[in-house]
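# Structural description and commentary
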Amino acid sequence: MNQNPGIIGRKVGFTQFYGEDGSVKRVTVIEAGPVVVVGKRTTDKDGYTALILGFKDAKEKHLTKPVLGQFKKGVMKGGESAPKRVIKELRCSDDFANKFEVGATMKLDEVFRVGQFVDVKGRTRGRGFTGVVRRWGFAGGVQTHGTHEYRRHGGSIGTNMTPGRTLPNIKMGGHYGDETVSMLNLRIARIEADKHLLMIEGGVPGAKNGHVQVRVAVKKKNNA
């Protein structure tokens, strides 16, 4: 499990800018803030350490009473912040959790640095019901010699007598997309902490305005 420092945000879109060496950097812009620490998990009480992060203000009338009560007991107790629409719990180390108190706003330059590798997790765009050619990259049937209505079919899905049934996990047509996907080892190109903007080289999962999680890369040992 990735327990490296991270933050949550919203995918704004795709753009490019020129680096100091004149090269063009194609980046995805993520609005990661202001993100507020709305709660904490501790080893003594919960058995693990984590930060509960809140993003985007929400109106009280749009929240259920149990959720609103949690905010009033915690971060809203002193009138420090409004309820949040997006809430995510990110596990982390004790040292990182001790840097932030409940109600504190996380700054991007306190979590990441330019040139650092990160992992981005998001929800991909839903593509509806698709066939095997689009969903799994099948080649389809032959295109000549009188082929009729079989050009984009998947072919045989089982055997005749033994075992006489279709085996599990056969790649077939079905619902494609709308699933959680992580892109690993993406490099941070620019950080604008005052605007809460994070620019990451390459593409990240999800559609525009989709929510994503950005964490320090788990497979880069010198990056934690």
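Residue positions are counted from 1 within each chain, in the order its sequence is given. The predicted nature of this model means local features are confined to residues of pLDDT at least 70 and side-chain atom pairs, given and counted, to a pLDDT of 80 or more, with totals for whole chains, interfaces and linings taken over all residues. Hydrogens and water are ignored here; the side-chain numbers use all heavy atoms of the structure.

The next point concerns the overall build of the protein. Secondary structure elements follow DSSP: runs of H or I no shorter than four residues count as helices, runs of E no shorter than two count as strands, and numbering proceeds from the N terminus. Within the protein, the regular secondary structure consists of five helices and 12 strands. For 224 residues, the compact-globule estimate of 2.2 N^0.38 gives 17 Å, and the C-alpha radius of gyration of the protein, at 23 Å, exceeds that figure by more than 25%. Summarising its shape, the C-alpha atoms of the protein cover approximately 75 × 50 × 35 Å along the three principal directions. In this scheme, a residue with accessible area under 20% of its type's maximum is buried, one over 50% is exposed, and one in between is partly exposed, where area comes from a 1.4 Å probe on protein chains only. Across the 224 residues of the protein, 36% fall into the buried class. Only C-alpha atoms enter the radius of gyration, while the globule expectation follows 2.2 Å times N to the 0.38, with N the number of residues.

Patch definition: residues above 30% relative accessible area lacking any salt bridge, with like charges linked at up to 9 Å and the nonpolar side chains Val, Leu, Ile, Met, Phe, Trp and Tyr linked at up to 5 Å. To measure how exposed things are, a 1.4 Å probe is used in the Shrake-Rupley method; for residues, cover is taken only from the protein chains shown. Counted as salt bridges are all cases of a side-chain nitrogen of Lys or Arg within 4 Å of a carboxyl oxygen of Asp or Glu. Together, Ile-157, Leu-167, Ile-170 and Met-172 give the surface a local cluster of nonpolar side chains, amounting to about 310 Å² of exposed area. Looking at the secondary structure, you find Ile-157 in the loop between helix 5 (132-136) and strand 9 (174-175).

Glancing now at the pairing of strand 7 (residues 117-123). The element strand 7 is largely enclosed, with a buried count of five among its seven residues. When DSSP finds two or more bridges between two strands, those strands count as paired. Both strand 7 and strand 10 (residues 180-192) contribute to a ladder of six bridges, which runs antiparallel. Bridge pairing in strand 10 links Lys-121 to Ser-182. Here strand 7 pairs with strand 12 (residues 211-216) via five bridges, running antiparallel. For Gly-122, the partnering residue across the bridge sits in strand 12 and is Val-212.

Glancing now at the nonpolar core. By convention a nonpolar core is built from buried Ala, Val, Leu, Ile, Met, Phe, Trp, Tyr and Cys residues, the set being connected through side-chain atoms within 4.5 Å. Among the nonpolar cores identified, the biggest contains 30 residues, and Met-106, Phe-112, Leu-198 and Val-214 are the most heavily contacted of them. We call two residues in contact when some of their heavy atoms are within 4.5 Å. Aside from chain neighbours lying at most four places away, what touches Val-214 is Pro-5, Gly-6, Ile-7, Ile-30, Phe-112, Val-118, Asp-119, Val-120, Leu-198 and Ile-200. Among the nonpolar cores identified, the runner-up in size contains six residues, and Phe-17, Val-27, Val-29 and Met-199 belong to it.

Another aspect to go through is the sheet that holds strand 2 (residues 24-31). With antiparallel pairing, the six strands of this closed barrel are ordered in space as 1-2-11-10-7-12. Here the strands of the sheet are splayed against their neighbours by 50° on average, with no regard to which way each runs. Two elements, strand 1 (residues 6-18) and strand 2, share eight bridges in a ladder whose sense is antiparallel. By the bridge assignment, Gly-13 is partnered in strand 2 with Val-29. Here, axes are lines fitted to C-alpha atoms. For helices the fit covers the stretch in contact, and angles between N-to-C directions go from 0 to 180 degrees.

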